[in-house]
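The lines below spell out each chain.
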Amino acid sequence: MPVKAKKWILAHHFDGVPKDSDLELVEEELPELQDGEILLEAQALSVDPYMRVFARSALKEGDTIMGSQVGKVIESKSPQHPVGMMLVGSVGWRTHAIVNVNQGPDLLGTPIVVPATPAPGLPVSVNLGVLGMPGATAYFGFLELCQPKAGEVVVVSAAAGAVGSLVGQIAKIKGCTVIGYAGTDEKCKWIKEELGFDHAINYKTRDVAESLKEAAPNGVDCYFDNVGGDFLYTVMRQMNKYGRISVCGAISQYNDNLDNPKSGVFPSILLIVNQLRMEGFIFTRWLSRWPEAFKEMAAWMKEGKLKYRETTTKGFENMREAFYGMLRGDNTGKAVVNV
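Here goes a summary of the coordinates provided. (Residues numbered from 1 in each chain as written. Predicted model: local features only at pLDDT ≥ 70, side-chain atom pairs only at ≥ 80, totals over all residues. Heavy atoms only, no water.)

**Remarks on the side chain of Arg244**
Secondary-structure assignment places Arg244 in strand E12 (residues 239-247). Accessibility expressed as a relative area gives 6% for Arg244, which makes it buried. For Arg244, the contacting residues outside a window of four places in its chain are Leu145, Cys146, Gln147, Pro148, Lys149, Glu152, Asp221, Cys222, Tyr223, Met239 and Arg277. (Helix = DSSP H or I, 4+ residues; strand = E, 2+ residues; numbered from the N terminus. Buried < 20%, exposed > 50% of the residue type's maximum accessible area, 1.4 Å probe, protein only. Contact = heavy atoms within 4.5 Å.)

Listed below in structure tokens is the structure:
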């Protein structure tokens, strides 16, 4: 009997803050499998900030919203992918997906399907977080670009998010003093008391410049930026010579019109005077090395040095609400939708 799949499509390109009319839930009937194809059934799906950004350039109206999921193979015409196998698939917001296992990478250069990383005793959704794209993003984006040294001062914005919470813990493992900024007192309590950040500051109730001077009187050596905008400028003004900035995200600007950006002068003089190095990246840069990151991070988890948290939403029909909440910063740790 043919399988009916539900999927979320981009009904209208986002203009500012995403709204209900931009995303539509539709149903389609899937064809019979051909040789080399598998049928995936979603178990858990990811919502991430990059989806808001790349929808501008990578999707047409009517396309399925991009994204990753952990799916179970429920039908297979690929000997290497038996029924019951768990895979991480870049197949978008879909309950079911037919995948040709021989096809090339997705729009971001990620393989369409890879085996889920075994994680005994943990939910399969860790493959969408600490042992998935956010984990690799934190590991390589921080270690490769910031190249931290023991004793240095590291600042992390959006420090209670899927990536920032991991960056701060990795910085502690490497012997750094870590200052994290988050948007609620509860998030600050979590990153300080449970994750071990040295300082946790609520940027909504404290002045960033003033609080950073108090927490880092001798300046900042590394900044892992998830926010951009004025926050980036404020931290740059307090960075030491030869400081390093890893630009992972700019969530303060994701709803802006890039064709008509807000006015402002980029502080290039700070890069020159303090001889700073600032570099942006996309997580696929180190794709071939992801297993290296997951092996070490899994060991840190086993040793109790690396912790994670998920904010879960139940029900595929609630993907849109989970997406909105993630963009607002409602989540602590990784935002996941369980089917």
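**A short note on empty space enclosed by the protein**
On inspection of all chains with the given rule, the structure shows one cavity of 30 Å³ or more. What lines the largest cavity is a set of 13 residues, and nearest its centre among them are Val130, Ala162, Tyr308, Arg309 and Lys334. Residues of the lining of the largest cavity, tallied by class, amount to six nonpolar, three polar and four charged. In this structure, the lining of the largest cavity is formed jointly by two domains, domain 1 (3-116 + 309-338) and domain 2 (133-284), each of which donates at least three residues. (1 Å grid on protein atoms, 1.4 Å probe; cavity = no way out; pocket = protein on both sides within 12 Å on 5 of 7 lines; lining within 4 Å. Points joined across faces, edges and corners; volume = space filled by probe spheres on them. Nonpolar A, V, L, I, M, F, W, Y, C, P; charged D, E, K, R; others polar. Domains from an automatic or database assignment.)

**Structural notes on the packing of helix H2 (residues 133-146) against helix H8 (residues 290-302)**
Where H2 meets H8, the axes come as close as 10 Å, and the angle between the chain directions of the two elements is 90 degrees. The angle between H2 and H8 falls in the class roughly perpendicular. Together, Met133, Gly135, Ala136, Tyr139 and Phe140 of H2 and Trp290, Glu292, Ala293, Phe294, Glu296, Met297 and Trp300 of H8 make up the contact between the two elements. Considered class by class, the residues forming the contact of H2 with H8 number nine nonpolar, one polar and two charged. (Axes fitted to C-alpha atoms, helices over the stretch in contact; angles between N-to-C directions. Parallel < 35°, antiparallel > 145°, perpendicular 65-115°, else oblique.)

**Things to note about the packing of aromatic side chains**
A full pass over the atoms with the stated rule returns 14 aromatic pairs. With 6.1 Å between their ring centres and 40 degrees between their planes, Tyr139 and Trp300 make a pair best called tilted. Of this pair, Tyr139 sits in helix H2 while Trp300 sits in helix H8; the two residues are 161 residues apart in sequence, bridging distant segments of the chain. Relative accessible area serves as the criterion here: at 6%, Tyr139 is assigned to the buried category. On the basis of an interplanar angle of 50 degrees and a centroid distance of 6.2 Å, the ring pair of Phe283 and Trp290 is categorised as tilted. For the pair Phe283 and Trp290, a shared accessibility class is recorded, and that class is buried. Each member of the aromatic cluster is reached from another via a ring pair, and the members are Tyr139, Phe140, Phe224, Phe281, Trp286 and Trp300. (Phe/Tyr/Trp six-rings, centres within 6.5 Å; stacked < 30°, edge-to-face > 60°.)

**Brief notes about the nonpolar core**
Membership of the largest hydrophobic core comes to 64 residues, with the highest contact counts inside it found for Leu23, Trp93, Phe142 and Phe323. With nine residues, H2 is the single largest residue contributor to this core. Residue contributions to this core reach at least three from each of two domains, namely domain 1 (3-116 + 309-338) and domain 2 (133-284). In this structure Phe142 touches Thr137, Gln147, Pro148, Val154, Val167, Ile170, Ala171 and Phe224, once residues within four positions along its chain are discounted. Membership of the second largest hydrophobic core comes to 20 residues, among which are Val153, Ala216, Met236 and Met239. (Core = buried A, V, L, I, M, F, W, Y, C linked by side-chain atoms within 4.5 Å.)

In short, geometric facts, not functional conclusions.
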